[in-house]
Amino acid sequence: MNKKRIKEIIRNNFPNIPILKKIANNILINRYNINIVEQDKIEAIELNRKLKEDVVKKGDKVKPKLRNYVVKEYERLYREFDKLNIEYDDLILDLKFCIYSYGFTPTEYLVYDLKNKGYNERIKYISEKDHMVFIYKMNDVFDLQLFNDKMKTYEKFGKYYGREIISISSKKDYNKYIDFLENNPVFVKKQVYESCGNSISKVYSKDIDPKEYFSEILKNGKTILEECIEQHETLSNLNSSSVNTVRCITFNTKDEVVIGYTFMKIGRKGSFIDNGGAGGLLVGIDKNTGVFNTIAIDEKMNTYQNHPDNGTEFVGYKLPDWDKLMNLCIKLSQKASGVNCIGWDFTYTSKSEWVVVEGNGMTQFIGPQSTQGIGIRDEVISYMNDMELL
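None of these values were measured; they are calculated from a predicted model.

Trainee: Got a minute to help me understand the overall build of the chain in this structure?
Mentor: Along the backbone of the chain there are 18 helices and 11 strands. For 390 residues, the compact-globule estimate of 2.2 N^0.38 gives 21 Å, and the C-alpha radius of gyration of the chain, at 22 Å, lies within 12% of that figure. The buried share of the chain, reckoned over its 390 residues, is 51%. Across the chain, the fraction of contacts at a sequence separation of at least 24, relative to all contacts at a separation of at least 6, is 66%. Total accessible area computed for the chain in this model is approximately 18800 Å², and 48% of it derives from carbon and sulfur atoms. Charge centroids of the chain, computed over 57 positive and 55 negative side chains, lie 5 Å from each other.

What follows is the structure, encoded as structure tokens:
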């Protein structure tokens, strides 16, 4: 049994007592909200190499996992880091300083162009560390199970999905599994606790042995099978091999649901996945009009005015029925008690309707910050200040 499954069991059986739930959230907040450097001292340290080196030495000693993580990420992305034309020692020093002081990952260092930003600009961005702290301040860790388990999300919001989805977790599910295969010669498989496109695959029923495949599913833990989505030509023109999705990040404030940010996730030729972490492209969307208002960016900081595989121009590209999508976003968020910040993924189908692909209670902020090229820290804090925080 993996760690995610164990956590799910604990959280599902935790007593619904507000003070205990608040304590649990605070434990998680404190777990992530640990700084090697006091925030009011970072600006001065940024200007003094010796002080930065001292911070990094301390960080290497007390945070060995983070130290190793930075080195591994550098090795994974070294071609992109080489393009920055920074001496290796200087780069590693700044990468480590950024993760120890601000909480920025090496990928964030690239996509936020932190090389060319000083303290006054860096502090405006939400780092991965900040993201975890903010999420656990806004979202009840136990109510988050609604989104951590993709099947629970479907059970609550199923009529907005527009397709059949089943879950497989025991031998008792075999008959419904066989019925599903008969109705869906092609389907999508996902593990319920994964994210960022991990574990997703497109499966052709003719290529599998039903009994063997069912046994394989059971070995991997709770899994969902989904009827395939046929997207509208407006989205398939962006990339036909992937289901391209709009991410809408909503905030449930005291008075209303606010749609804070919208951006598009677009796949590459031949890829079934649209996520940035899986090689896909991110494009900013004007939340008031549904029109693309930025060029595209990928995880490796490459930028594109046109889709590199089909030439589609991004800026000015308009999505259909945008007002309907925004209304749907608000309607769904109002139904998610205890989860005040949600990242909804939608796609537009061949039936000319917006449907839910999935909901994300741990939604990241790298999408809006990388596409728009600005930090949103102050704006997100303003949304939080207008919430009933945990």
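Resuming the write-up.
Trainee: Help me understand the side chain of serine 127, please; the structure alone is not making it clear to me.
Mentor: Tracing the chain through its elements places serine 127 in the loop between helix H9 (119–122) and helix H10 (128–138). Residue serine 127 is classed as buried on the basis of its relative accessible area, which comes to 1%. Polar contacts involving the side chain of serine 127 include one to the main-chain amide nitrogen of aspartate 130, which spans 3.2 Å. Once residues lying within four places of it in the same chain are set aside, the contact partners of serine 127 are Tyr102, Gly103, Phe104 and Glu108.

Trainee: Just checking my understanding: could you explain the pattern of salt bridges for this structure?
Mentor: A side chain of one charge can pair with a side chain of the opposite charge if their charged atoms are brought near each other. The final tally for this structure, using the stated rule, is 22 salt bridges. We note a salt bridge from aspartate 173 to lysine 176, for which the minimum N-O separation is 3.5 Å. Lysine 176 gets classed as partly exposed once you look at its relative accessible area, which sits at 34%. Aspartate 309 is paired through a salt bridge with arginine 268; the nearest N and O atoms lie 2.8 Å apart. Taken together, the positions of aspartate 309 in the loop between strand S9 (303–304) and helix H16 (322–333) and arginine 268 in the loop between strand S6 (257–266) and strand S7 (281–285) put the pair 41 residues apart, joining distant regions of the chain. For aspartate 309, a relative accessible area of 29% gives the class partly exposed. Taken together, the salt bridges that share partners define one network made up of Glu46, Lys52, Asp94 and Arg122.

Trainee: Mind showing me how you'd approach the sheet that holds strand S5 (residues 245–252) here?
Mentor: To summarise the sheet geometry, strands pair through backbone hydrogen bonds and adopt either a parallel or an antiparallel arrangement. The strand order across the open sheet formed by seven strands is S9-S8-S7-S6-S5-S10-S11, and the pairing between neighbours is antiparallel. Each of the sheet's edge strands pairs with one partner strand only, and the pair in question is S9 and strand S11 (354–360). Pairing of S5 with strand S10 (residues 341–348) involves six bridges; the strand directions are antiparallel. The residue of S10 that forms the bridge with valine 246 is phenylalanine 346. The sheet strands contacting helix H18 (residues 377–385) are S5 and S6, and the helix crosses S6 at an angle near 140 degrees.

Trainee: In this structure, what is going on with the packing of H10 against H18? I would like to understand it.
Mentor: Each pair of packed helices gets described by two things: the angle between the helix axes and the distance between those axes. The contact between H10 and H18 brings their axes to 11 Å, and the two run at 15 degrees. The angle between the axes of H10 and H18 places the two elements in the roughly parallel class. As H10 runs across H18, the sense of the crossing is left-handed. Contacts between H10 and H18 involve Asp130, Phe134, Lys137 and Met138 on the former and, on the latter, Arg377, Val380, Ile381 and Met384. The residue makeup of the contact of H10 with H18, split by class, is five nonpolar, no polar and three charged.

Trainee: Where do I start with the side chain of serine 333 in this structure?
Mentor: By secondary structure assignment, the location of serine 333 is in helix H16. Residue serine 333 is classed as buried on the basis of its relative accessible area, which comes to 0%. A distance of 2.8 Å separates the side chain of serine 333 from the side chain of threonine 250, its partner in a polar contact. Residues in contact with serine 333, not counting those within four places in the same chain, are Thr250, Asn252, Val257, Ile342 and Trp344.

Rules used throughout
- Residues numbered from 1 in each chain as written.
- Predicted model: local features only at pLDDT ≥ 70, side-chain atom pairs only at ≥ 80, totals over all residues.
- Heavy atoms only, no water.
- Helix = DSSP H or I, 4+ residues; strand = E, 2+ residues; numbered from the N terminus.
- Rg over C-alpha atoms; globule rule 2.2 N^0.38 Å.
- Buried < 20%, exposed > 50% of the residue type's maximum accessible area, 1.4 Å probe, protein only.
- Contact = heavy atoms within 4.5 Å.
- Areas by Shrake-Rupley, 256 points an atom, 1.4 Å probe, with all protein chains shown as cover.
- Lys, Arg positive; Asp, Glu negative; His and termini not counted.
- Charge placed at Lys NZ, Arg CZ, Asp CG, Glu CD.
- Polar contact = N/O pair within 3.5 Å; in protein donor to acceptor, adjacent residues only side chain to side chain.
- Salt bridge = Lys/Arg side-chain N within 4 Å of Asp/Glu carboxyl O.
- Pairing = 2+ DSSP bridges.
- Axes fitted to C-alpha atoms, helices over the stretch in contact; angles between N-to-C directions.
- Parallel < 35°, antiparallel > 145°, perpendicular 65-115°, else oblique.
- Left-handed = near helix turned anticlockwise from the far one by under 90°.
- Nonpolar A, V, L, I, M, F, W, Y, C, P; charged D, E, K, R; others polar.

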